[in-house]
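Each chain, written out:
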Amino acid sequence: MTAAKDFRILGIETSCDETAIAILECKGDEKYAEFTVLGNALLSQIDIHKEYGGVFPALAKREHAKNLVPILEAVLEEAELLREDTQIITEETRNKLSEILAREPGLSEAFFEFISECEPPEIDVIAVTAGPGLEPALWVGINFAHALAFVWNKPLIAVNHMEGHLLSALAQNENGVLTITKTNLPVLGLLISGGHTELVVMNEWLKYELVGETRDDAVGEAFDKVARMLNLPYPGGPEISRLAETTRNVSSETLFKLPRPMIDSGTCDFSFAGLKTAVLNLLKTKEGLTDEEKRHIAHEFENAVADVLWKKTSLAIEETGAQTLVIGGGVSANTHIRRVFTEKIKSEHSDIALHIPSAALTTDNAIMIAMAGYFRAQRKEFVTAISANGNLPLA
Ligand code: KG4
Ligand code: ZN
């Protein structure tokens, strides 16, 4: 079999509060693919959303619109693909672009200026996150991708953000080149982020079936809400982790005991709302918290989350006969969860290969979107129109 020719993908991610663009040079196929990052940039809006204690969709949309063109320019420059040259934009093209960008007033002026000053770059495909996420935020990236695909005459690929998280966990960094090898099937994926907590299985490569999911809050949401109760800034996950590690280093004992909801339900579904409420009820019994008590709540909360995640994942491994376990999504950055999974796999399922993304790839980024886009482009899943779908399912 001959390997596919090298090709370049431009990936765009705007599903939540990170505006990210990456250009990857890709080669290989589904059995083994190599990705060289030619350019990559990410602008986090965390400081802007902090004062609202969470992501404010209208603000996210405005920030994406403001930042996409400058980020694209920077990424093309880094990839040495920016060729400045005056372009003639016909009346017809201009009208069509105005139509595509009609709902992005914060973007269109900068867009017109940019495309009239540079040649179409040497990229083969444009991949953009179609969902899940915040729809107003997703639409900005999608309309931007549509406009670029039209004016530069490039094919478009719609990427599921969660597939990006899952595949990026499989990526290995070999001397600066990211590689993805088709691993032993079935692959079980535990996807844990601000909006998702689900277990999916790949019995066939890139085909997903749902094994379990949260019945209420996502695990990242629970981290963020509990952090808020403890007066910690948004996003709460890293803050809780930092606090918990400080007492964990002293003792494994905690001053409080929190429930492990649904841990013995016998299903692979999760529930985190009860855990969050248990923290709230605990706080109601106290008048103000000492720093020590805060640390212990963070520690016990993380223990409860990790216990439930592991128990359900272990059950799912047995139910699916998984050979490979992959953890993806923003919460997979959590030190304690990474440690628990690494130890438990060794002691309880030593025949299973565990893949956790590198720190840089855990939270939202465009490299993962471009990598997933490559596999979808190989399958020729090109589209002419993409709609944002806030609840886009993977399985
Ligand atoms: O995947 P992601 O960046 O965005 C979504 O697609 O939702 O995940 C964001 C979530 C937030 O809830 C954040 O608090 C959580 O990931 N998170 C963490 C950590 N870093 C980020 N949760 C626990 N521990 C962390 N170290
Ligand atoms: Zn994400």
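Residues numbered from 1 in each chain as written. Chains lettered and ligands numbered in written order. Predicted model: local features only at pLDDT ≥ 70, side-chain atom pairs only at ≥ 80, totals over all residues. Heavy atoms only, no water.

Looking at this model, I keep getting lost on the site of ligand 1. Mind explaining?
Around ligand 1, the structure places 19 residues, and the nearest of them are His 165, Gly 194, Asp 224, Gly 330 and Asn 334. Here an oxygen atom of ligand 1 sits 2.8 Å away from a polar atom, N or O, in the main chain of Gly 194. Contacts to ligand 1 include Gly 330, whose backbone N or O atom sits 2.9 Å from an oxygen atom. Protein burial of ligand 1: of its 550 Å² of free accessible surface, 89% is covered by the chains. Those elements that place two or more of their residues in the shell around ligand 1 are helix 6 (161-170), helix 7 (219-229) and helix 8 (236-248). Of the residues contributing to the shell around ligand 1, the split by class is five nonpolar, twelve polar and two charged. Summarising the domain contributions, the shell around ligand 1 has at least three residues from each of domain 1 (7-166 + 362-378) and domain 2 (184-356). (Near = heavy atom within 4 Å. Polar contact = N/O pair within 3.5 Å; in protein donor to acceptor, adjacent residues only side chain to side chain. Areas by Shrake-Rupley, 256 points an atom, 1.4 Å probe, with all protein chains shown as cover. Helix = DSSP H or I, 4+ residues; strand = E, 2+ residues; numbered from the N terminus. Nonpolar A, V, L, I, M, F, W, Y, C, P; charged D, E, K, R; others polar. Domains from an automatic or database assignment.)

Please clarify how unusual backbone geometry should be interpreted in this entry.
Peptide bonds are, in most cases, trans, and in most cases residues other than glycine have a negative phi. A cis amide bond links Gly 131 to the next residue, Pro 132, at an omega of -10 degrees. Summarising the element assignment, Pro 132 is placed in the loop between strand 4 (125-131) and helix 5 (135-152). In this chain, Leu 185 is followed by Pro 186 through a cis amide linkage whose omega measures -5 degrees. By secondary structure assignment, the location of Pro 186 is in the loop between strand 7 (177-181) and strand 8 (187-192). Positioned with a positive phi, Asn 153 is a non-glycine residue whose angle comes to about 60 degrees. Positionally, Asn 153 belongs in the loop between helix 5 and strand 5 (156-160). With a relative accessible area of 69%, Asn 153 lands in the exposed category. Phi is positive for Met 262, which is not a glycine, with a value near 60 degrees. Tracing the chain through its elements places Met 262 in the loop between helix 8 and helix 9 (273-284). For Met 262, a relative accessible area of 21% corresponds to the partly exposed category. (Buried < 20%, exposed > 50% of the residue type's maximum accessible area, 1.4 Å probe, protein only.)

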